[in-house]
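# Chain and residue survey
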Amino acid sequence: MAHRPVLAQAKAAATVAPVAGAASSGVSQAELRERVTFFNTMSKSKELFRPRLSDGSVSMYVCGVTVYDYSHIGHARVYVAFDVLYRFLSAACGYKVTYVRNFTDIDDKIIARAQQSGVETSELTERFIDEFNKDMAALNVLPPALEPRATAFVPQMISTITDIIANGHAYAVDGGDVFFDVASLPGYGRLSGRQQEDNRAGERVAVDSRKRSPADFALWKAAKPGEPAWPSPWGPGRPGWHIECSSMIRELMGPVIDIHGGGRDLVFPHHENELAQSQAACGCGQHGHEHGHEHGGQQGGASTSGGDGSQSQLHNGTDFVRYWLHNGFVNVDSEKMSKSLGNFFTIRDVLARYHPLALRWFLVSSQYRAPLNYSDKGLEDASGRLYYVAQARLDVVEALRAAGEEGQRAMAEAEVVMAQAAANANSTPTSEAAAQQEAAAAAPSGKGKGKGGAAAAAAPAAGPALLSEVLSALADDLNTPAAVGALSAPLRTINDLLTTKAGRKRPDRLAVLAQLHCAMCRVMQLLGMELELEAGARAEAAGASVGVAAGAASGLAASAAALEQLLQELRALALVRLDMTEEAVQAAIQERTEARAAKDFARSDAIRVDLAAKGVLLLDTPEGTSWRPGSAASL
RNA sequence: GGGUCUCUAGCUCAGUGGUAGAGCAGCUGACUGCAGAUCAGCAGGUCUCGAGUUCGAUCCUCGAGGGGCCCUCCA
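Residues numbered from 1 in each chain as written. Chains lettered and ligands numbered in written order. Predicted model: local features only at pLDDT ≥ 70, side-chain atom pairs only at ≥ 80, totals over all residues. Heavy atoms only, no water.

In contact at an axis separation of 7 Å, helix 15 (residues 462–475) and helix 19 (residues 509–526) are set at 20° when each is read in the N-to-C sense. Judged by the angle between their axes, helix 15 and helix 19 are roughly parallel. Pair helix 15 / helix 19 crosses with right-handed handedness. On helix 19, the residues touching A462, G463, P464, L466, L467, V470, L471 and L474 of helix 15 are V512, Q515, L516, A519, M520, R522, V523 and L526. For the contact of helix 15 with helix 19, the class distribution of residues is 13 nonpolar, two polar and one charged. (Axes fitted to C-alpha atoms, helices over the stretch in contact; angles between N-to-C directions. Helix = DSSP H or I, 4+ residues; strand = E, 2+ residues; numbered from the N terminus. Parallel < 35°, antiparallel > 145°, perpendicular 65-115°, else oblique. Left-handed = near helix turned anticlockwise from the far one by under 90°. Contact = heavy atoms within 4.5 Å. Nonpolar A, V, L, I, M, F, W, Y, C, P; charged D, E, K, R; others polar.)

Next comes the structure, spelled out in structure tokens:
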């Protein structure tokens, strides 16, 4: 129910706000770009990321879903992973990213499902495009710049197919089908790393005597009666699956793109075929064996009118994709989650029981290339961890607010420290380590209540150290588990500063809290777990002329409200899972409070044990009794 | 059969050419009427096995074994 509003909605962040410092021109950003690496499926190794152009732009295309049903957790993983990548490249590295993700809205399954349901294919696809967008918004996945639908580019696909035929890499057969001639392209198979004889041709692929080779795949499929069809030189029909991505990339993004992503299962045949088509269409198939990023040089403008096949000189021997990124699967009981196996969980069903940010936390807790086992336990753990983080962050915010002007000043100084770090840090690994050690070292020398810039300069680098560690993790092939792990020590520091005697006495307490708060806001934003109220307030404060202190005060208030709401939502969903109601819990708390007042500890303990057994942990505080999800083994 | 990835604490995962870390779970202490939350600390690993390279390997190479995925639509 209430698990949508707290999220920053996609529209709010259509442009990704800078994360690595307000002054996104800092050395840090350029330095970060230098060391970003991604695992390239083509080379099967990590490579330094060097975009095709040096003007700070990056183009990225990710294969979208075939829209005939609800999306499941496997889909969620792909689009969350590439959403983090999008955020990292945009907000942290400062690239101007053109992100394109398509909808496959014409294919055999769609036709079959539409006929089965007795609706037009367009009605079916419209519906599930809408549902997909709802799922993505719920998961706080930013919308790509473009979300082209295959059916809107059929003329371009026909044009691409015509080019491929003209270049001698495809052939039309009786019946109106067009097949790609795999044997005509020497480099075919290099992305997926397989020789053609490796494929068990004919064993599982339907034999079609009209094909020159069993490995040939359809570029154009003739329409059967009653099927959706477009006119073409080969008769009415529809495009094959693989051609849509080739054509849309060519049309919308030009002959060469920087990043092409998708699930592992797309490596073969989809991306292998896409690569073949793109090469064949531009007539540069003979360069197929070379895969050099170094000699690509400038490609000129990235945009193209497309469709006329005159771009071969632009292609210049460089593969049309510079970096192929593929994510691992979501498994269930160590088996791939898929519709055909029937072991899938839809995003929607999961979000009815778990918070979208908990699902996101679960997803980013593993590296995108590794297999991820889906389980309730995993989501419970993620929910619990998210609760801990949110509670700690709320406590920080409340402490800063309670400190009044000092808190506001600490916030203002923290912003300065973060910005300075972004501008100055020539954050080599060693300087990072030093910063971390400095942050970890508890006792700073001298100076009590901070005043002015001097205090800011003298404050420990806890905030910059955290952000730096997270950025380093993400720069290393999007190591999100390491990024999440980097939060552990700072979170403990926060709780130490807030609750222990030693922590409360630290003179730099507010400075560290403020810095960590700022850093965590940025980290959460990078991971796509920012809260709408909070993010909105920060943006406003940045652009407002109300003065630093007032901005800090309103920002803290917004953070507090957003975090309280998140905690409330997490509790509400926990109750859903426990099949309980807030009213029932409150009634039990009330009864126990009365029992305690009457010194009937046997009764009060019994109530607590009972609730704990169900998953509701009571917390007695000076302000009264509250609860949180969890269980206590010792009760 | 071919290809590819993977095997680190009970579980989920980071990491490094000089014998390893986090989170959760467990235990202890502080705190508490007792608990919990929180903090501190403890315990827990022949880094799948074997061979090789190396002064030295968990990390590199080869092999074996277990597991995932692809070779059909698939994220």
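Let us look at the sheet that holds strand 13 (residues 372–374). Here three strands make up an open sheet; going across it, the order is 12-11-13 and the pairing mixed. Either end of the sheet is taken by a strand with one partner, and the two such strands are strand 12 (335–336) and strand 13. The sheet contact formed by strand 11 (residues 330–332) and strand 12 spans two bridges and is antiparallel. If you follow V332 over to strand 12, its bridge partner there is E335. (Pairing = 2+ DSSP bridges.)

The next point concerns the packing of aromatic side chains. Here the structure, examined in full by the defined rule, presents 14 aromatic pairs. One aromatic cluster in this structure is built from F38, F49, Y95 and Y323. Positioned above the aromatic ring of Y79, the side-chain terminus of R101 is 5.3 Å from the ring centre. If you follow K339 out to its NZ or CZ, it ends over the ring of Y68, 4.5 Å from the centre. (Phe/Tyr/Trp six-rings, centres within 6.5 Å; stacked < 30°, edge-to-face > 60°. Lys NZ or Arg CZ within 6 Å of the ring centre and 35° of its normal.)

A few words on the pattern of salt bridges. Summed over all chains, the structure comprises 36 salt bridges. Between K221 and D108 there is a salt bridge, with the nearest N and O atoms lying 3.3 Å from each other. Of the two residues, K221 is situated in strand 7 (residues 218–222) and D108 in helix 3 (residues 108–117); the sequence distance between them amounts to 113 residues. Owing to a relative accessible area of 28%, K221 belongs among the partly exposed residues under this scheme. On the basis of relative accessible area, D108 is assigned to the partly exposed category, the value being 40%. (Salt bridge = Lys/Arg side-chain N within 4 Å of Asp/Glu carboxyl O. Buried < 20%, exposed > 50% of the residue type's maximum accessible area, 1.4 Å probe, protein only.)

Glancing now at the domain arrangement of chain A. Size of an interface: often given as the accessible area lost when the parts come together. Under the domain assignment used here, chain A contains domain 1 (57–172 + 181–194 + 238–283 + 318–352), domain 2 (372–428 + 461–576) and domain 3 (580–634). Each of domain 2 and domain 3 was reduced to a C-alpha centroid, and the two centroids are 30 Å apart. Residue-level contacts link six residues of domain 2 with eight residues of domain 3. With both chains or domains summed, domain 2 and domain 3 bury close to 590 Å², and 69% of this area falls on carbon and sulfur atoms. Contact with domain 3 buries area across many residues of domain 2, yet Y387, R571 and L575 alone supply 81% of it, more than any other trio. Where domain 2 touches domain 3, the interface holds zero salt bridges. Between domain 2 and domain 3 we count one residue pair in polar contact (both at pLDDT 80 or more) in total. Only helix 11 (376–402) and helix 21 (548–578) provide two or more residues apiece to the side of domain 2 that touches domain 3. Ranked by residues supplied to the side of domain 2 that touches domain 3, first place goes to helix 21 with four residues. Here the residues of the side of domain 2 that touches domain 3 are counted per class, giving four nonpolar, one polar and one charged. (Domains from an automatic or database assignment. Buried area = accessible area lost by both parts, 1.4 Å probe. Polar contact = N/O pair within 3.5 Å; in protein donor to acceptor, adjacent residues only side chain to side chain.)

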